[in-house]
Amino acid sequence: MRILTIGGGSWGTALTYLLDQKGYKCYLWEFNEEYRNQMKINRENENFLKGFKLSESIEIIDDYTGLVKNGEVDIILLATPTQFLRNVLLNLSNCWNKKVILVNVAKGIEISTGELISQMVDEIFKDKEYDYVLLAGPTHAEEVVNNLPSAILSVSTNLEAAKIVQETFNFGHSLRVYTGTDVVGSELGGAIKNCLAIFAGICDGLGYGDNTKAALLTRGMNEMVVIGTALGADFKTFLGLTGLGDMIVTCTSKHSRNRYLGEQIGKGRKFEDVVKEMKMVSEGATTIKPLYNIIKEKNLRAPIFTALYELLYENKDVNILTQTFMGRELKSEF
């Protein structure tokens, strides 16, 4: 099995590191030339995954189009932030040569179109042969690469492709891979929980306690189900690894950049200032834009996510979140 990773962030690097250890031929491409050269020379991703040496068998490449054109890869691992992924897909489509499994690990909704990544892939690769598999779940790169037990979901409308990815990415006793078929629900779960994690971080920054966060996550999950089912997802998906599981880890972990962004806002810092200093992308900060449009277009009941958008992009005071959460009219839970 020959695997090309497009994107040298923490997760793309961690998965490449593990796949190489399993004996697969791995190629890694990073958009940022400075970071790419640093990995070539030092054999380490000092920016996003410090402390893990990349073996010489992993080829850090300057261009991936030749590999694809010559049919030299079997799996392409898409580890590029959502808002930059369309250009990568267009480049790939121009040099497509044979059927390949596209494995996506990005989580978000494209701002300009409101499309999920699977929909973007379908649009661009409509005349190509491929299988699309989403690999998602509660997995921080820093823990997976340290062999701390984790579970993840390989999800595809083609169950055979999901099983191939399951076998490929399953890693001993440290990374257990399940399979699923609800691509829409799994993509929405992974995208929307990033937005909720910003809200959870704001609660931390404001000094609120466990009670607050537990209530927030529960009500936030309710809104995720409302949005997801309106878009065709199976509600059970939100109770699984790509829903509840991914939400828990992203909303509570010290590794979560979305939670960190919210925490800094809760402490009084400006949204724009925090984003500028972050090396890694906060997918939640971009996803909330198309998510807000979906909520409005479909007239969905999602006050938490609506308030988050108003805070980040309409300059509302941070207290709007508390008012939204606690100040609405009393009602039944269900």
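In this text, all values refer to a predicted model and were calculated from it rather than measured experimentally.

Caption draft 1: Structural context of the layout of surface pockets. Size it by volume and the largest pocket reaches roughly 1,200 Å³. Around the largest pocket, the lining is made up of 48 residues, and of these G9, P81, R257, M280 and V281 lie nearest the centre. Contributing elements (two or more residues each) for the lining of the largest pocket: α1 (10-21), α4 (85-94), β8 (130-136), α6 (141-144), α8 (183-205), α10 (241-252) and α11 (257-266). Partitioning the lining of the largest pocket into residue classes produces 21 nonpolar, 18 polar and nine charged.

Caption draft 2: The arrangement of the sheet that holds strand β10 (residues 175-180) in detail. Taking strand neighbours across the sheet as the criterion, the eight strands line up as β5-β2-β1-β6-β7-β8-β9-β10 in an open arrangement whose pairing is mixed. At either margin of the open sheet sits one strand with a lone partner, and together these are β5 (59-60) and β10. Sheet topology note: the strand β9 (residues 150-155)/β10 ladder contains six bridges and is parallel. In the sheet register, A151 faces β10, and the bridge partner there is R176. Packing against the sheet, α8 makes contact with β7 (100-104), β8 and β9, and its axis sits at approximately 40° to β8.

Caption draft 3: Representation of the pairing of strand β1 (residues 2-6). In terms of burial, β1 is largely enclosed, as four of its five residues are buried. Note: β1 against strand β2 (residues 25-29), five bridges, orientation parallel. Its bridge partner being in β2, T5 is matched across the sheet by L28. Regarding topology, α1 serves as the crossover connection from β1 to the parallel β2, and that connection is right-handed. Both β1 and strand β6 (residues 75-78) contribute to a ladder of four bridges, which runs parallel.

Caption draft 4: Representation of the pattern of salt bridges in the model. Inspection of every chain in the model, using the stated rule, returns 20 salt bridges. As a salt-bridge pair, K316 and E310 come within 3.8 Å of each other at their nearest N and O atoms. Members of the salt-bridge network, linked through shared partners, are D204, K213, R259, E263 and K267.

Caption draft 5: Highlighting α1. The first and last C-alpha atoms of α1 sit 17 Å apart over 12 residues, in line with the 16 Å expected at 1.5 Å per residue. Within α1, 11 of the 12 residues are buried, which leaves the element mostly enclosed by the surrounding structure. Within α1 the residues assigned to the buried category are S10, W11, G12, T13, A14, L15, T16, Y17, L18, L19 and D20. Looking one or two residues past α1, G23 carries a phi angle of roughly 100°, positive in sign.

Caption draft 6: Inspection of unusual backbone geometry at higher detail. Positive phi, normally seen in glycine, also occurs at R43, with a value near 55°. The phi torsion at N147 lies on the positive side, around 65°, for a residue other than glycine. With respect to the helices and strands, the residue N147 is situated in the loop between α6 and β9.

Caption draft 7: Main features of the environment of R2. In this fold, R2 is placed in strand β1. Look at R2 and you get partly exposed, because its relative accessible area is 30%. Taking the C-alpha atoms as reference, R2 lies 16 Å from S55; in sequence the two are 53 residues apart.

Caption draft 8: Structural detail: the packing of aromatic side chains. Evaluated as defined, the whole model comprises nine aromatic pairs. Ring centres of Y17 and F52 lie 5.7 Å apart, and the angle between their planes is 75°; this geometry places the pair in the edge-to-face category. Here Y17, found in helix α1, pairs with F52, found in strand β4 (residues 49-53); they are 35 residues apart in sequence, far enough to count as distant. There is no split in this pair, since Y17 and F52 are both buried. A centroid spacing of 5.6 Å and a plane angle of 85° characterise the contact between Y35 and F48, whose relative ring orientation is edge-to-face.

Thresholds applied
Residues numbered from 1 in each chain as written. Predicted model: local features only at pLDDT ≥ 70, side-chain atom pairs only at ≥ 80, totals over all residues. Heavy atoms only, no water. 1 Å grid on protein atoms, 1.4 Å probe; cavity = no way out; pocket = protein on both sides within 12 Å on 5 of 7 lines; lining within 4 Å. Points joined across faces, edges and corners; volume = space filled by probe spheres on them. Helix = DSSP H or I, 4+ residues; strand = E, 2+ residues; numbered from the N terminus. Nonpolar A, V, L, I, M, F, W, Y, C, P; charged D, E, K, R; others polar. Pairing = 2+ DSSP bridges. Contact = heavy atoms within 4.5 Å. Axes fitted to C-alpha atoms, helices over the stretch in contact; angles between N-to-C directions. Buried < 20%, exposed > 50% of the residue type's maximum accessible area, 1.4 Å probe, protein only. Right-handed = clockwise from strand over helix to strand, strands pointing away. Salt bridge = Lys/Arg side-chain N within 4 Å of Asp/Glu carboxyl O. Expected span 1.5 Å × (residues − 1). Phe/Tyr/Trp six-rings, centres within 6.5 Å; stacked < 30°, edge-to-face > 60°.

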